[in-house]
Amino acid sequence: MPDLPSGLNLAISRQALFDHGGNWFKCPDGSFWYWVPDPEIGPPPFDPDDEILLIAEHAPVPETREEAKRFIRVLEMTDDGKYGWRGEILSLFPRYTELDTRDLEAWNAWINRTETENFLDDTIAECQRLAVISQHARGYAMVEGTGEPEQEGWIKGNLRTPTKGS
């Protein structure tokens, strides 16, 4: 994770990938589920300190590192020392984050390392694994602890996914 000359601290993350363990909806063969911002919250940029409502979409497994960059989030360290997401994805970065020339040079030096290539290769492998799980999904999600609706059309609850040993 680079500390840029301006003091901005960035990181990359695969947190958009979604391992449902088979407790989810089916998607086309060779595809997997991943999280995207709910369009109802509006477009990025987001405040990195805010919680972002997400929805699941599916996509074909990426075949190249360039394609894998669509599923990698670029995170920014916030004032409280945690990483938040402004809505940046690696394939389009920087789009909402302003980088001066020195920061951009430092970012490019950091991102163009063998470690990042390995991270992207691992991302492709993870998407392939998730596609296999998605092939064997139930076709529906089981929700537990639903209780009373919080508001019209919304049910409070937890998505139940299988745990090891069950």
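The coordinates are above.
What comes next is a walk through the structure. (Residues numbered from 1 in each chain as written. Predicted model: local features only at pLDDT ≥ 70, side-chain atom pairs only at ≥ 80, totals over all residues. Heavy atoms only, no water.)

## Digging into a negative patch on the surface
Moving on, step 1. On the surface, a cluster of negative charge is made up of Asp47, Asp49, Asp50, Asp79 and Asp80.
Moving on, step 2. Topologically, Asp50 is positioned in the loop between strand S2 (31-37) and strand S3 (54-60). (Patch = residues over 30% accessible without salt bridge, like charges linked within 9 Å, V, L, I, M, F, W, Y side chains within 5 Å. Areas by Shrake-Rupley, 256 points an atom, 1.4 Å probe, with all protein chains shown as cover. Salt bridge = Lys/Arg side-chain N within 4 Å of Asp/Glu carboxyl O. Lys, Arg positive; Asp, Glu negative; His and termini not counted. Charge placed at Lys NZ, Arg CZ, Asp CG, Glu CD. Helix = DSSP H or I, 4+ residues; strand = E, 2+ residues; numbered from the N terminus.)

## A word on the pattern of salt bridges
Moving on, step 1. Using the criterion set out here, one finds 7 salt bridges in the structure.
Moving on, step 2. Glu76 serves as the salt-bridge partner of Arg86, at 2.9 Å between the closest nitrogen and oxygen. Residue Arg86 is found in strand S5 (residues 83-89), and its partner Glu76 is found in strand S4 (residues 73-77); the two are separated by 10 residues along the sequence.
Moving on, step 3. The exposure class assigned to Glu76 is buried, which follows from its relative accessible area of 12%. (Buried < 20%, exposed > 50% of the residue type's maximum accessible area, 1.4 Å probe, protein only.)

## Focus: the nonpolar core
Note that soluble globular proteins tend to have their nonpolar side chains buried in a common cluster.
Moving on, step 1. Among the nonpolar cores identified, the biggest contains 15 residues, and Leu10, Ile12, Val74, Leu90 and Trp107 are the most heavily contacted of them.
Moving on, step 2. Put simply, the parts of the chain that give this core at least two residues each are strand S1 (10-13), helix H2 (101-111) and helix H3 (114-135).
Moving on, step 3. The element contributing the most residues to this core is H2, with 3 residues.
Moving on, step 4. If near-sequence neighbours (up to four positions away) are discounted, Leu90 is found in contact with Ile12, Lys69, Ile72, Val74, Trp107, Ile111 and Leu120.
Moving on, step 5. Core analysis: the second largest hydrophobic core is formed by 11 residues, Leu17, Phe32, Ala59 and Ala131 among them. (Core = buried A, V, L, I, M, F, W, Y, C linked by side-chain atoms within 4.5 Å. Contact = heavy atoms within 4.5 Å.)

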